Amino acid sequence: MEKSAWFVWPFMLGFMFALVVLLLRYLWWLRSLWRRPSSRLLSRMFSKHSLLAVREIFSEGLLHLRIYKRNRRLGFMHMSLALGWFMMIVGGKFETWFHSGQFLHGTWYAVFFRYFEPQTAGGWAGTFWLHYMDLGLLLVLTGLALAIMKRIRKRILGIHSSTRHTLVNRVALTFLWMIFPLRLVAEALTFGQHGGGGFLTGSLGRCCFSSGMLAGLELPLWWAYSLSLGAFFVVLPFSRYLHIPTEMALIFLRHWGLRAAEDLQPEKALQAFEIHACSACGLCLDVCPAIKDHPFQSAYFLRALRSGKGWESLASTCLSCGACEEACPINLGLEKLRTAARGKIHEKHHAVYSYLPTVAPVETSRVDVLLFTGCMGRLKPATTKALKDLFEEAGLTWVHLDEQESICCGRPLSLAGRAGEASALREHNRNLIQGQQARMLVTTCPICLKQFRDDYGLELPVYHHSEMLWYCLRAGRLKREKGTACFSYHDPCELGRKSACYQAPRELLQSCGTLLPLEREQADALCCGNSLGALSLSLSERQALTSRTLKVLEVSGAQSIVTSCPLCQHNLARQSRLPVRDLAEVLAVTGLPEQHGQRTAALAAVQEL
Amino acid sequence: MPKPDFGFAFAPNRALDLSAPLLPEVQVVLETEPSIRACMACGQCAAVCTAGAFTPLAFYRLVLQLRGGDVAAVGERARHCMLCGKCQMTCPRGVNIRNAVLLMAALAPPKP
Amino acid sequence: MNASEYLPKDEVAIIGGGPAGMQTALALSERGFSVRIYEQKEQLGGHLKGWHHLFPHGVAASDLLGQLKEQVLARAVPLHLGQSVDRLQKVGAGWVLWQGERPLGRAGVVVLANGFALFDARRKEEYGYGLYPSVLTAADLEAVFRKEQPWPFGSDRMAPQVGFVHCVGSRDLKCGSPHCSKLCCVTAVKQAMAVKSLFPEAQVYCFYMDLRMHGLEYEELYRKAQVDYGVRFIRGRLSEAAPGQGKRLHVKAEDTLQGRPLHLQLDMLVLMSGMVPAFLLEQQERAVFLKEPVFGSGFVPVQGLLAAGSVVQQEGLFASGACKGPATLPEVFADAAAVAREVEQYLKSLKAVAHA
Ligand SMILES: Cc1cc2nc3c(=O)[nH]c(=O)nc-3n(C[C@H](O)[C@H](O)[C@H](O)COP(=O)(O)OP(=O)(O)OC[C@H]3O[C@@H](n4cnc5c(N)ncnc54)[C@H](O)[C@@H]3O)c2cc1C
Ligand code: SF4
Ligand code: SF4
Ligand code: SF4
Ligand code: SF4
């Protein structure tokens, strides 16, 4: 190293600083693991799971395939920034190795290699590295151009909302944006003065920076490059760019079997990594049903958790509709984080259910179906009645478990972050269910469905009534003929996104009429506005959300809106111009074949009333 | 001159003293969930209450008691709620009952 | 375009031939203006056609309607029956009335008297309207009194159990109706007494949130219902109606005064469906559309106080009767007279301008 190398110090100091801070923060987050190392974690560490993690880091950390699948332009932006930079880091290492014959160097050597060795040995391999490094730089610069465009005109990148940033993040962003243009100019100037260079830096140098008058600018430019790098690294551990290393660490930890805690611990274990792995890519923004009214979307919520300020109100207003979790490219457990936060807010809430009567298991005769309609089901007698008619038509025997009194399934408590408090309720219902002899449990409420499936550990299978009716239809126990009825179908959050049941209700409706395509449906469907997730959303705010959802559902041609959740139906029906009905109600009276003619007439008479 | 005592003054713990200021913890609940103020004691919430079928839980009574300053009793009762949300679904005034109940339950003395 | 050329000779068009429309037409015609009524149905009368007898004195609705119609016929007010107006177009200082693509007529002044609609009780599915035959609305019960509809329970029931639910679709933000319909309380009292006179053995309950006995002699009626008829008033809401023993309904409710839940078996449940807006006024350039109301839209907005009949921001457009909000017949009639006076002043001021 002959030339003066003082200018590398800003970079080196910044880099070391970032490294130390990162290490300290990660060690702090993992403190509990140090104390109690889990054997599962250790055994997974040295297994194929680590390889799987590397693969995921490659596909998501570098290529950003999930973002690409949702939005090509945005995916390309993220990919070019990450992959380009990665190419340059790896390439730099190999290039210095190739030219010096020595693998180990100071970190700065590869970063400022062009300054120290403007004229490198030729040959095809030397030329390859020159062009390769330029390609990396070009990729990053393209990404940068797209990122700048995104700040100026979001629509170009196919998005409506982008994250609004705090001061530290804007500072970090400025330094980041300066790094690569400075590197381009510094390298081009060096090549312009000394000759050589790849297709980008070399050509730029020859055409613009070969004049001897510019020679004095060479060192200042490399200083500027180093300064912007150094400054970026200094702010990195305190800005959202912490996500770059954290996302990788998170992927490893997840593959090694670490699970997020149920209670809120934003500075501990996997939760800390999740909260800091969000890149604020903004994919959670456009999908949120409330994006036009409230800034509580996941990107903002995670940011509030990082800063420790203001997360309470963001957690209490979110609907827990699951749209952002579905969209999140790094699969953050957003609902769990939200419920953990709600649980923290209401940690003083302790439920007492000692008043509940004890259930003595009763031996009953064997039936096909145990029907559970839940709390909300009581408000929808038409659904229950229709479903019982359908059971009869399909020749199924049933017992209606909660016909007289019902006990809540426990999911509303879980959504409020008080899952533990719900154990007495679950216990009660479990006793009630297990006392019965049935082939399956059928519920008309997707909220109950989710709770029964995830948290009850029941021996018998649990179905939503749409699934059960679908099986009956496919097995020929129910027969329907396509009629002239035209429906639009509302996917309940808890049935669609949370339980991945999209097909059954659709095929049922198609069996007896026409199902209209909607602007937003299935995984993209909007929440009805009355989710039990939101705790402090006001009525008028909810009603605004409902009318937006209804706008999507009231497509031209639709004669009625159909859904399959008592809560959604209740809420939509109060506000809709079109009749809103449950799937079972529709199926009980629509598309009945001719031989059931008499029945049709009877049912039509009931409808007439 | 001392006032004569005829022995039939209001029993102090029978009557609500409306001129006394609201307890600070009551104020916090009312301010955190302002929709509670909209309650008109119609009783719809109690009519549909899932827990109310088994235990004397009636949300509108909690609101009345809260305003009366009977904080401990409100907290104890609110703990019986299952948060099922049926009441909130049918409340004609759009009171955010689930959130209110969570806030009220926190008023109970901490669990031993 | 010369405005006076288009100004018809003081002609007033009235949309709606209910009590408000008829009474406004009479008042204006008595003042010497030429008036015309456009009514979408084939008969005059509005909702009054459907009622049996009226609170507070029990006057037969058909008698009152007959008198009103007689007067309208006597003054030879031109009637356009079966014509539904859905658009008003401002031309010069006057209006052209449209039904779809068909112009129906021209007038210097239009008075909206198209009344109210009844809340669709099926929206409250938990009360079982449309699902259980023994659940009726107050309007259905009037039809039963008029013998146009049978009683929902067998003739063998001499002591039916009957429940009235107040405030169904009124005072309910969830249903988009923040207002009190103000006369369903007294209607329930009237109907409860009628049921008791027809079935003296009947048990009749009224489930109310607040009893609003605001009108002349309503409070007296309430006391009579309690004392002379034994109607029981329970302050509380119903949770839901479910099938009960036999053809009966099983009903659960909260008695808020006792602070206890209650349940009972009923032979008939009557829902006091509230009065809701029948249409939505929508201004587009120089036309006003009468559209199907959307969720939460209100009654016709008027300027209030001394201009209780003038529709806001619409010169030459007035509103009379229950299209402005819930109103009883005496109120509708008093309002009609006041609106007629307002219309007269407006037409006079127009004439003065035209002369000058
Ligand atoms: C259950 C019930 C019982 C009642 N009992 C009593 C009682 O006992 N005593 C009492 O004082 N009051 C009673 N009322 C109130 C009374 O019915 C109203 O005050 C009265 O009907 C209002 O008259 P209106 O003309 O304003 O409206 P409406 O009666 O609604 O008449 C409106 C008319 O306008 C017509 N119309 C609507 N749109 C158009 C259009 N676009 N083009 C042409 N025509 C149109 C309609 O067809 C209708 O004929 C009762 C109300 C209810 C709900
Ligand atoms: S869960 Fe739904 S409402 Fe909540 S932030 Fe995500 S998208 Fe928005
Ligand atoms: S339903 Fe609503 S308004 Fe009625 S008593 Fe309960 S909280 Fe109050
Ligand atoms: S949320 Fe609580 S108060 Fe409301 S109905 Fe359910 S159990 Fe009752
Ligand atoms: S008049 Fe009585 S029943 Fe009607 S909305 Fe008002 S309070 Fe309810």
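Residues numbered from 1 in each chain as written. Chains lettered and ligands numbered in written order. Predicted model: local features only at pLDDT ≥ 70, side-chain atom pairs only at ≥ 80, totals over all residues. Heavy atoms only, no water.

**Thoughts on the overall build of chain B**
For chain B, the helix and strand inventory stands at six helices and zero strands. Reading the secondary structure of chain B in the N-to-C direction produces α-α-α-α-α-α. Once local pairs closer than 6 in sequence are excluded, the contacts in chain B between residues at least 24 apart make up 67%. About 5,600 Å² of surface is accessible on chain B, with carbon and sulfur atoms providing 61% of the total. (Helix = DSSP H or I, 4+ residues; strand = E, 2+ residues; numbered from the N terminus. Contact = heavy atoms within 4.5 Å. Areas by Shrake-Rupley, 256 points an atom, 1.4 Å probe, with all protein chains shown as cover.)

**Details of the interface of chain B and chain A**
Every contact between the two is made by 26 residues of chain B and, on the other side, 34 residues of chain A. With both sides pooled, the region where chain B packs onto chain A buries about 2,600 Å², and carbon together with sulfur makes up 65% of that total. The largest contributions to the chain B side of the interface with chain A come from B:Phe54, B:Met82 and B:Met89, which together make up 25% of the buried area. Inspection of the chain B/chain A interface yields zero salt bridges. For the pair chain B and chain A, the number of links is eight residue pairs in polar contact (both at pLDDT 80 or more). Grouping the constituent residues of the side of chain B that touches chain A by class yields 12 nonpolar, nine polar and five charged. (Buried area = accessible area lost by both parts, 1.4 Å probe. Salt bridge = Lys/Arg side-chain N within 4 Å of Asp/Glu carboxyl O. Polar contact = N/O pair within 3.5 Å; in protein donor to acceptor, adjacent residues only side chain to side chain. Nonpolar A, V, L, I, M, F, W, Y, C, P; charged D, E, K, R; others polar.)

**So, the site of ligand 3**
Every one of the 14 residues lining ligand 3 counts as a neighbour, but B:Cys39, B:Cys42, B:Gly43, B:Cys45 and B:Cys91 are closest to it. Here the shell around ligand 3 is built from residues that sort into 11 nonpolar, two polar and one charged. (Near = heavy atom within 4 Å.)

**Describing the side chain of C:Gln265**
Residues and elements named next belong to chain C. Looking at where Gln 265 falls in the secondary structure, it is placed in strand β17 (residues 260-266). For Gln 265, a relative accessible area of 18% corresponds to the buried category. Looking at Gln 265, its side chain comes within polar contact range of the main-chain nitrogen of Gln 245, at 3.0 Å. With residues up to four places along the chain from it excluded, the contact list for Gln 265 reads Gln 161, Gly 244, Gln 245, Arg 248, Leu 249 and His 250. (Buried < 20%, exposed > 50% of the residue type's maximum accessible area, 1.4 Å probe, protein only.)

**Description of the sheet that holds strand β12 (residues 161-168) of chain C**
Residue and element names in this part refer to chain C. In spatial order, the strands read β11-β18-β12-β13-β14; together these five strands make up an open sheet with parallel pairing. Strands with a single pairing partner mark the edges of an open sheet, and in this sheet they are β11 (135-137) and β14 (232-235). Sheet twist, expressed as the mean angle between neighbouring strand axes with direction ignored, is 25 degrees. Sheet topology note: the β11/strand β18 (residues 268-273) ladder contains three bridges and is parallel. Bridge pairing links Thr 137 to Leu 271 in β18. Sheet strands in contact with helix α4 (residues 138-145) are β11, β12 and β18, and its direction is about 90 degrees off that of β11. On top of the sheet, helix α5 (residues 184-198) reaches β12, β13 (203-208), β14 and β18; it is set at about 170 degrees to β12, its chief contact. (Pairing = 2+ DSSP bridges. Axes fitted to C-alpha atoms, helices over the stretch in contact; angles between N-to-C directions.)

**Looking at the site of ligand 2**
Taken together, the residues surrounding ligand 2 are A:Cys288, A:Pro289, A:Phe296, A:Gln297, A:Cys318, A:Leu319, A:Ser320, A:Cys321, A:Gly322, A:Ala323, A:Cys324 and A:Arg338. In terms of residue class, the shell around ligand 2 is made up of eight nonpolar, three polar and one charged.

**Quick notes on the packing of aromatic side chains**
Applying the stated criterion to the full structure yields 44 aromatic pairs over all chains. Ring centres of A:Phe7 and A:Phe116 lie 6.2 Å apart, and the angle between their planes is 25 degrees; this geometry places the pair in the stacked category. Pair noted here: A:Phe7 is in the segment before α1 (8-29) and A:Phe116 is in helix α8 (residues 113-116), with a separation of 109 residues, a long-range link. As far as the burial class goes, A:Phe7 and A:Phe116 line up, both buried. Centroid distance A:Phe94 to A:Trp129: 6.2 Å. Interplanar angle 0 degrees. Geometry classified as stacked. On the criterion of sequence distance, the pair formed by A:Phe94 in helix α6 (residues 72-100) and A:Trp129 in helix α9 (residues 123-152) is long-range, its members being 35 residues apart. A cation over a ring is seen here: A:Arg474 above A:Trp470, with NZ or CZ 4.5 Å from the ring centre. It is C:Arg87 that lies over the ring of C:Trp98; its NZ or CZ is 4.6 Å from the centre. (Phe/Tyr/Trp six-rings, centres within 6.5 Å; stacked < 30°, edge-to-face > 60°. Lys NZ or Arg CZ within 6 Å of the ring centre and 35° of its normal.)

**So, the nonpolar core**
Nonpolar side chains in soluble globular proteins tend to be buried together. Residue and element names in this part refer to chain A. Among the nonpolar cores identified, the biggest contains 67 residues, and Leu 441, Phe 452, Met 468 and Leu 469 are the most heavily contacted of them. Two domains share this core, each providing at least three of its residues, namely domain 3 (366-473) and domain 4 (479-608). Non-local contacts of Phe 452, meaning those with residues more than four positions away in its chain, are made with Phe 372, Ile 433, Leu 441, Thr 443, Gly 457, Leu 458 and Val 462. By size, the runner-up hydrophobic cluster in this structure holds 53 residues, among which are Leu 250, Leu 258, Tyr 300 and Leu 319. (Core = buried A, V, L, I, M, F, W, Y, C linked by side-chain atoms within 4.5 Å. Domains from an automatic or database assignment.)

**As for the packing of helix α3 (residues 59-67) of chain B against helix α6 (residues 97-105) of chain B**
Residue and element names in this part refer to chain B. Running from N to C, α3 and α6 point in directions that differ by 50 degrees, and their axes come no closer than 11 Å. With respect to each other, α3 and α6 are oriented oblique. α3 and α6 meet at a crossing whose hand is left-handed. For the pair α3 and α6, contact is made by Phe 59, Leu 62, Val 63 and Leu 66 and by Ile 97, Ala 100, Val 101 and Met 104, respectively. When grouped by side-chain class, the residues that make up the contact of α3 with α6 number eight nonpolar, no polar and no charged. (Parallel < 35°, antiparallel > 145°, perpendicular 65-115°, else oblique. Left-handed = near helix turned anticlockwise from the far one by under 90°.)

**A closer look at helix α14 (residues 269-277) of chain A**
All names here are of chain A. Counting buried residues along α14, nine of its nine residues qualify, which places the element largely inside the surrounding structure. For α14, every residue scored as buried is listed here: Ala 269, Leu 270, Gln 271, Ala 272, Phe 273, Glu 274, Ile 275, His 276 and Ala 277. Structurally, α14 contributes buried residues whose contacts are with α1, α13 (243-255), α16 (298-307) and α19 (334-345).

**Considering the pairing of strand β8 (residues 102-107) of chain C**
Residues and elements named next belong to chain C. In the sheet, strand β7 (residues 94-99) pairs with β8 via five bridges, with the strands oriented antiparallel. For Leu 97, the partnering residue across the bridge sits in β8 and is Gly 105. In this antiparallel pair of consecutive strands, β7 and β8, the connection spans two residues, and Gly 100 shows a positive phi of 60 degrees.

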